[in-house]
Amino acid sequence: MVKVTIDGVEIEVEEGTTILNAARQAGGDIVPPAMCYYTGLEGSGGKCRSCLVEVAAGSERDPRPMPKLMASCRTEVQHGMVVKNKTSERVIDAREGVTEFLLINHPLDCPICDQAGECDLQDLSFKHGVEWSRFEEEKRTFAPRDIGDKIKLHMNRCIMCYRCVFVAQQLTNKRVHGVLNRGDRSEISTYIEQALDSDFIGNVIDVCPVGALTDKTFRFKSRVWFLKPMNAHRDCPTCQGIATVWMFGNEIYRVTGRKDKYSEIERHNGKTAWICDTCRFETKDVAKWVIEGPRIINRYSVISTNHYTNENPLDAKKDPKKLQ
Amino acid sequence: MESLSNRKKVVSNKKMTFIESLYIPVIAAGMGLTFKHMFQKAATYRSPEQKREFSPYYRGMHVLKRDEEGRENCTACGLCAVACPAEAITMVASERKPGEEHLYREEKYASIYEINMLRCIFCGLCEEACPKEAIFLTDRLVPSNFERQSFVYGKDKLVEDMNNRIDITKRQHTGKRGKR
């Protein structure tokens, strides 16, 4: 066990834990944002730079500060390390710059995008970005493409986090898509227009932090804040069958994996509960699911508008006696 | 009890003098005031013939704007519907097909857009929420009717006519966002 201090919060974590995961174990608002790191995907992280933190003291043995800001998702903690995240002005400034860079080629078409309301980039730019842009050049544009008949790729919105590539590599038998070209010309593409077909390829939609990969069966059907996310499960021969169904009345509009507050798929029975494509795209009949109940939503999320379950209910709601 | 507002006037039963009891100077002063008003501008206006000027921010019937090329601005993002406190707005989104680029500005558009004018409280929050400068409240009034169903206004009544465009420049006093 090593001891690490993040923004004044002292926590003991196992050796080999990254700063980001140590902060997540401590919880609260000291957790740096992460756009590309994904716990369930091996090798992810280190691409987007939104999780940069300042290491004020490297370790107990060598307490010199690290000269540059470190990507917290890839830096392992050492005993006696002192990390500054939101208390560091350098970090806040750098994160503003990172957000500006991520938005340089982003089309900002949130009113059209199906991801709006649950988008990590929206949250990041709301929290750490600025409200104007200094970018005056032409944004790079690509035409929307179909990847298979169930997934739509909007390359304009992509921030090159590589999560979908890791999903295809690690969850499915064969990967036929990857990143072509370099620099700002790089794009996600399938190998010679080959469609992605695999039982688990739908998970690229869930891992995508922006709206670059979206569900074609839900395309423009509704907006996420009009739907009510419900926990549901079913007996599935391929996957664990633990999912969130997004309902409007008694109709299921779409099915996604159960995402935690870091928008990562929750772990169930010791495994990440990826859902298969049959559950995601073809099982939209309410009778086929066992609905457990409404999901707990952060009360500051737009998804919680007009919904009744909140993460932090008012004191009076917790204890009805206080109402009197 | 002391008056909290300190504006209470105590009635006095002071005895009037002889001049005051004649009432003539007071009547003359009152008639003079009446006479003066004959030469002042009338506070009222002749309603059916004369039209009163609306405030530039008057919140009347909505309009769904088109851009300069006549394409609909609305992308059916649903922000007006979620902002609406009266739940008056509903819509169905559709995807623009190739060849319809001259009709709709973005790849998504509202194929059905309805405002229930009986539910609407004309608060203007839809206008404020709109990220695409598509919906505006105008100085037009919603005409009365005997049929409740006729107050559900669809796109046929809301989208502006290209030959009879509605000027909302006075309302756009905030300017474009995101520029500094």
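Residues numbered from 1 in each chain as written. Chains lettered and ligands numbered in written order. Predicted model: local features only at pLDDT ≥ 70, side-chain atom pairs only at ≥ 80, totals over all residues.

With that out of the way, let us pick up the packing of helix H2 (residues 89-102) of chain A against helix H3 (residues 120-128) of chain A. All names here are of chain A. Following both chains from N to C, one finds H2 and H3 inclined at 140°, their axes separated by 10 Å at the closest point. Between H2 and H3, the crossing angle belongs to the class labelled oblique. Read as a crossing pair, H2 and H3 show a hand that is left-handed. Touching Arg95, Glu96, Thr99 and Leu102 of H2 are Leu121, Leu124, Ser125 and His128, all from H3. The residue inventory of the contact of H2 with H3, partitioned by class, reads three nonpolar, three polar and two charged. (Axes fitted to C-alpha atoms, helices over the stretch in contact; angles between N-to-C directions. Helix = DSSP H or I, 4+ residues; strand = E, 2+ residues; numbered from the N terminus. Parallel < 35°, antiparallel > 145°, perpendicular 65-115°, else oblique. Left-handed = near helix turned anticlockwise from the far one by under 90°. Contact = placed C-beta atoms within 7 Å. Nonpolar A, V, L, I, M, F, W, Y, C, P; charged D, E, K, R; others polar.)

Right, let's talk about helix H1 (residues 19-26) of chain A for a bit. Residue and element names in this part refer to chain A. The element H1 is largely enclosed, with a buried count of six among its eight residues. For H1, the complete set of buried residues consists of Ile19, Leu20, Asn21, Ala22, Ala23 and Arg24. Here the buried face of H1 lies against strand E1 (2-6), strand E2 (9-13), strand E3 (52-57) and strand E5 (81-84). (Buried ≥ 20, exposed ≤ 12 C-beta atoms within 10 Å, placed from the backbone.)

A few words now on the sheet that holds E5(A). Residue and element names in this part refer to chain A. Strand order in the open sheet formed by five strands is E2-E1-E5-E3-E4, and the pairing between neighbours is mixed. With one partner strand each, in any of the chains shown, E2 and strand E4 (70-71) form the two edges of the open sheet. One ladder, built from three bridges, connects E1 with E5; its direction is parallel. Directly across from Thr5, in E5, lies its bridge partner Val82. Contacting E1, E2, E3 and E5, H1 crosses the sheet at an angle of about 110° to E2. (Pairing = 2+ DSSP bridges.)

The next point concerns the pairing of strand E3 (residues 108-116) of chain B. When strand E2 (residues 89-95) of chain B meets E3(B), the two strands line up antiparallel, connected through seven bridges. Following the sheet pairing, Thr90(B) is matched in E3(B) by Glu114(B).

Residues and elements named next belong to chain A. Partitioning chain A into domains gives domain 1 (2-101), domain 2 (106-215) and domain 3 (224-304). Between domain 1 and domain 3, the C-alpha centre-to-centre distance is 31 Å. At the junction of the two partners, domain 1 supplies five residues and domain 3 supplies four residues. Tallied by class, the residues present in the side of domain 1 that touches domain 3 amount to two nonpolar, two polar and one charged. (Domains from an automatic or database assignment.)

Below, the discussion takes up the environment of Gly129(A). Residue and element names in this part refer to chain A. Tracing the sequence through the fold places Gly129 in the loop between H3 and strand E6 (145-147). Along the backbone, Gly129 and Arg95 are 34 residues apart, and their C-alpha atoms lie at a distance of 7.7 Å. Aside from chain neighbours lying at most four places away, what touches Gly129 is Glu96, Thr99, Glu100, Leu103 and Leu124.

The next subject is the sheet that holds E2(B). Adjacent strands of a sheet form backbone hydrogen bonds with each other and so pair up, either parallel or antiparallel. Read from one edge to the other, the open sheet built from three strands follows the order E2-E3-E5 (chain B), with strand pairing classed as antiparallel. Edge positions in the open sheet fall to E2 and strand E5 (152-153) of chain B, since each of these has one partner strand only.

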